[in-house]
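Spelled out, the chains give:
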Amino acid sequence: MTGKERRRQLLDVGRELFAEKGFEATSIEEIAHRAGVSKPVVYEHFGGKEGIYAVVVDREMELLLDRIVSALSAGHPKELLEQAACALLDYIQDSSDGFRILVRDSPVASATGTFSSLLNDIASQVEDIFGQQFGARGYDTALAALYSQALVGMVALTGQWWLEVRTPPKDEVAAHLVNLAWNGLSHLELHPGLHIRRD
């Protein structure tokens, strides 16, 4: 196995164990054993458990942020909301282990490497969109930050809940999130559905 292949293998094993057991309960011994290598090989590539964890978290954060930012690139404001909700739920479905790792608290997570900081990055993207929409409609643009935090928080917490229950189906969850965010409690649609096409 080349050094690059070994590194990839150790990252895959570490990701699997961190998702399964959490950072604290995962040991270098376990990572080495599951990868079929000695502990010094793990230390050589990553310097320790913290090094593997940091790379795994960075990759997952980049993957999720890329999906959300892509979803917010074009469309009517309601479509942007649908696309963003679907992007998060797609990520949770496609990368459940990665999402589990991101939402867990860890002593290694720094101010720039936590799920909270990721949500703030996403909220700042949403804030820009809200600011434009608020300005165009005569609303106070200073409130765009508040609304973006509220919206991103609502979607993220719902995503954490859906990760475990997996019901109702993903598109139905997205439709209800959009229904609440777009229509508000006083104007909820009886049977909300998505207006964007999903392949």
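Residues numbered from 1 in each chain as written. Predicted model: local features only at pLDDT ≥ 70, side-chain atom pairs only at ≥ 80, totals over all residues. Heavy atoms only, no water.

1. Focus on helix H1 (residues 3-21)
Then, number 1: Between the first and last C-alpha of H1 there are 26 Å, a value that for 19 residues agrees with the 27 Å anticipated at 1.5 Å per step.
Then, number 2: If you check which residues of H1 are buried, you get Arg-6, Leu-10, Leu-11, Val-13, Gly-14, Leu-17, Phe-18 and Ala-19.
Then, number 3: Tucked into the core, H1 has its buried residues touching helix H2 (28-35), helix H3 (39-46), helix H4 (49-71) and helix H6 (96-103).
Then, number 4: Two residues or fewer past H1, Gly-22 is found with a positive phi of approximately 90°. (Helix = DSSP H or I, 4+ residues; strand = E, 2+ residues; numbered from the N terminus. Expected span 1.5 Å × (residues − 1). Buried < 20%, exposed > 50% of the residue type's maximum accessible area, 1.4 Å probe, protein only. Contact = heavy atoms within 4.5 Å.)

2. Description of the pattern of salt bridges
Pairs may arise between side chains of opposite charge once their charged atoms sit close together.
Then, number 1: According to the stated counting rule, one finds 11 salt bridges in the structure shown.
Then, number 2: One salt bridge in this structure joins Glu-20 and Arg-34, with 3.4 Å as the shortest N-O distance. Of this pair, Glu-20 sits in helix H1 while Arg-34 is found in helix H2, placing the two residues 14 residues apart along the sequence.
Then, number 3: Judged by relative accessible area, which is 48%, Glu-20 ranks as partly exposed.
Then, number 4: Assessed through its relative accessible area of 37%, Arg-34 is described here as partly exposed.
Then, number 5: One salt bridge connects Lys-170 with Asp-90, and the closest N-O pair in it is separated by 2.7 Å. Placement of the pair is Lys-170 in helix H9 (residues 170-183) and Asp-90 in helix H5 (residues 77-94), with a sequence separation of 80 residues. (Salt bridge = Lys/Arg side-chain N within 4 Å of Asp/Glu carboxyl O.)

3. Overview of the UniProt feature "DNA-binding region" (unreviewed entry) in the protein chain
Then, number 1: Residues given the UniProt feature "DNA-binding region" (unreviewed entry) here are residues 27-46.
Then, number 2: Its end C-alpha atoms 13 Å apart, residues 27-46 is made of 80% helix and 0% strand. (UniProt positions renumbered as here; feature names shortened; annotations may be inferred.)

4. Let's talk about the domain arrangement of the protein chain
Then, number 1: Domains assigned within the protein chain are domain 1 (3-47) and domain 2 (57-186).
Then, number 2: Each of domain 1 and domain 2 was reduced to a C-alpha centroid, and the two centroids are 30 Å apart.
Then, number 3: Counting residues at the interface gives 11 residues for domain 1, matched by 11 residues for domain 2.
Then, number 4: Summed over both partners, the interface of domain 1 with domain 2 buries about 790 Å², with 53% contributed by carbon and sulfur atoms.
Then, number 5: A per-residue breakdown of the area domain 1 buries against domain 2 is headed by Arg-15, Ala-19 and Phe-23, which together make up 64% of the total.
Then, number 6: For the pair domain 1 and domain 2, the interface holds 1 salt bridge. (Domains from an automatic or database assignment. Buried area = accessible area lost by both parts, 1.4 Å probe.)

5. Concerning the packing of aromatic side chains
Then, number 1: The tally for this structure, following the rule as stated, stands at 8 aromatic pairs.
Then, number 2: Relative to Tyr-53, the ring of Phe-18 lies with its centre 5.1 Å away and its plane at 85°, an arrangement referred to as edge-to-face. Here Tyr-53 lies in helix H4 and Phe-18 lies in helix H1, a separation of 35 residues in the sequence.
Then, number 3: Relative accessible area serves as the criterion here: at 5%, Tyr-53 is assigned to the buried category.
Then, number 4: Ring geometry for Phe-99 against Phe-115: centres 5.6 Å apart, planes inclined by 90°, an arrangement best described as edge-to-face. In this pair, Phe-99 sits in helix H6 while Phe-115 sits in helix H7 (residues 115-137), placing the two residues 16 residues apart along the sequence. Across the pair, exposure class does not vary: Phe-99 and Phe-115 are buried alike.
Then, number 5: Ring pairing ties together the aromatic residues Phe-130, Phe-134, Tyr-139 and Tyr-147, which thus form one cluster.
Then, number 6: Taking NZ or CZ as reference, Lys-49 lies 4.3 Å from the ring centre of Phe-23, over its face.
Then, number 7: A cation over a ring is seen here: Arg-166 above Trp-162, with NZ or CZ 5.0 Å from the ring centre. (Phe/Tyr/Trp six-rings, centres within 6.5 Å; stacked < 30°, edge-to-face > 60°. Lys NZ or Arg CZ within 6 Å of the ring centre and 35° of its normal.)

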